[in-house]
Amino acid sequence: MKSKVLLLALAAMLAGGAMAQDCTFFFPTTKGTKLVKKSYDGKGNLSGVMTYVVDEVESKQSGLEVEADYVFVNNGGTVIDKGELEAFCQDGEFFMDMKEVLSNPSFVTTTNTAVAATDAVINYPSVAQGASSDDVYFDDAVINIYSKKNRKDRKNISIYDREYVKTEEITTPAGTFDCTKVKFKIKSRSPKETIEGYGYEWYAPNIGVVRTEQYNNNNVLQSYSVLEEVK
């Protein structure tokens, strides 16, 4: 009986190791790595800068876990938010903290006031070569952002109907990356207004999201972000 239990435990450990190997990590896994992402409005005006620095890297049975310190500043250099962002593998799939969406200018309630975001994670699947949109599953997600000075000044943001578009090469000031391109729909609700539209994001192994674009339902570009530096 004990031998059977030990064999089952060993099988579970081996399965966990296999899941860890199967999970493609879409964020840097070297301590001290620095990422800088700049965000712009639809006219190309700088709206904010998000900086991440990998602080902790831990290997677990389910895969790697990474914590990164982040600081988001507006175009005048004022700190809007700072804290920790988490990225991890679970059951063979990669997840990342959604606090990075603070770099999207349409999400932030006001760029002159410190904001905070509720905890939420979203998955970034690895896409096999030749896969179609029906072969890849993407989660929906909801995140709440609010002003630290006035909790009533808040936004509820839903990201849904995410789907794989294609795999393509993207060049940014930080370099050229082989990326997965994903389209998503978005709805931002606040006491003052509701905004709907859609967007695209491109993410690469060992880097993460290297570019995003957001449009309104009239197909007009509202904002975008670009990875500027990997150090």
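Residues numbered from 1 in each chain as written. Predicted model: local features only at pLDDT ≥ 70, side-chain atom pairs only at ≥ 80, totals over all residues. Heavy atoms only, no water.

Participant: Give a description of a negative patch on the surface that names residues and reports values.
Facilitator: Together, Glu56, Glu58, Asp69, Glu84 and Glu86 make up a negatively charged patch on the protein surface. Among the elements of the structure, β2 (46-60) and β4 (79-90) are those that each provide at least two residues to the negative patch. Inspection of the secondary structure puts Glu56 in strand β2. Taking relative accessible area as the criterion, Glu56 reaches 41% and is therefore assigned partly exposed. (Patch = residues over 30% accessible without salt bridge, like charges linked within 9 Å, V, L, I, M, F, W, Y side chains within 5 Å. Areas by Shrake-Rupley, 256 points an atom, 1.4 Å probe, with all protein chains shown as cover. Salt bridge = Lys/Arg side-chain N within 4 Å of Asp/Glu carboxyl O. Lys, Arg positive; Asp, Glu negative; His and termini not counted. Charge placed at Lys NZ, Arg CZ, Asp CG, Glu CD. Helix = DSSP H or I, 4+ residues; strand = E, 2+ residues; numbered from the N terminus. Buried < 20%, exposed > 50% of the residue type's maximum accessible area, 1.4 Å probe, protein only.)

Participant: How would you summarise the environment of Asp41 if you had to cite specific residues and measurements?
Facilitator: Mapped onto the secondary structure, Asp41 falls in strand β1 (residues 34-41). Along the sequence, Asp41 and Leu221 sit 180 residues apart, while their C-alpha atoms lie 8.3 Å from each other. Apart from residues no more than four positions distant in its own chain, Asp41 is found in contact with Ser47, Gln222, Ser223 and Tyr224. Within the local environment of Asp41, its side chain forms a polar contact with the backbone nitrogen of Lys43, the two atoms lying 2.9 Å apart. (Contact = heavy atoms within 4.5 Å. Polar contact = N/O pair within 3.5 Å; in protein donor to acceptor, adjacent residues only side chain to side chain.)

Participant: An account of the packing of aromatic side chains is needed here, citing residue identities and associated values.
Facilitator: One pass over the structure, following the stated rule, counts 12 aromatic pairs. Here the aromatic rings of Tyr40 and Tyr224 are separated by 5.0 Å at their centres, their planes lie at 20 degrees, and the arrangement is stacked. Residue Tyr40 is found in strand β1, and its partner Tyr224 is found in strand β13 (residues 221-230); the two are separated by 184 residues along the sequence. Comparing Tyr40 with Tyr224, the two get one shared label, buried. With a centroid separation of 6.3 Å and an interplanar angle of 35 degrees, the aromatic rings of Tyr200 and Trp202 are classed as tilted. Like Tyr200, the residue Trp202 is buried in the burial classification. Among the aromatic residues, those joined into a cluster by ring pairs are Phe25, Phe26, Phe94, Tyr124 and Tyr203. One cation-aromatic arrangement involves Arg162 over Tyr124; the distance from NZ or CZ to the ring centre is 5.4 Å. If you follow Lys183 out to its NZ or CZ, it ends over the ring of Tyr198, 4.9 Å from the centre. (Phe/Tyr/Trp six-rings, centres within 6.5 Å; stacked < 30°, edge-to-face > 60°. Lys NZ or Arg CZ within 6 Å of the ring centre and 35° of its normal.)

Participant: Account for the pairing of strand β9 (residues 154-172), naming residues and giving values.
Facilitator: Where strand β8 (residues 141-147) and β9 come together, six bridges link them in antiparallel fashion. Across the sheet, residue Ala141 finds its bridge partner in β9, namely Ile159. Here β8 hands over to β9 after six residues, the two strands then running antiparallel side by side. Taken together, the 14 bridges between β9 and strand β10 (residues 175-189) define a ladder with antiparallel strand orientation. In the sheet register, Ile170 faces β10, and the bridge partner there is Phe177. Hairpin connection from β9 to β10: two residues lie between these consecutive antiparallel strands. (Pairing = 2+ DSSP bridges.)

Participant: Tell me about unusual backbone geometry, and name the residues and values.
Facilitator: Even without glycine at this site, Asp91 takes up a positive phi of about 55 degrees. Relative to the helices and strands, Asp91 is located in the loop between β4 and β5 (93-97). Backbone geometry at Asn206 places phi at a positive 65 degrees, although glycine is not the residue there. Considering the arrangement of structural elements, one finds Asn206 in the loop between β11 (194-204) and β12 (208-216). Relative accessible area serves as the criterion here: at 45%, Asn206 is assigned to the partly exposed category.

Participant: Lay out the state of the cysteines in plain terms, naming residues and giving numbers.
Facilitator: Counting across every chain of the model gives one disulfide. Across the disulfide from Cys23 sits Cys89; the S-S distance is 2.0 Å. Note on the Cys23 and Cys89 pair: the S-S dihedral is about -85 degrees, so by sign convention the disulfide is left-handed. Of this pair, Cys23 sits in the loop between α1 (2-22) and β1 while Cys89 is found in strand β4, placing the two residues 66 residues apart along the sequence. Residue Cys23 shares its accessibility class with Cys89, and that shared class is buried. (Disulfide = S-S within 2.5 Å.)

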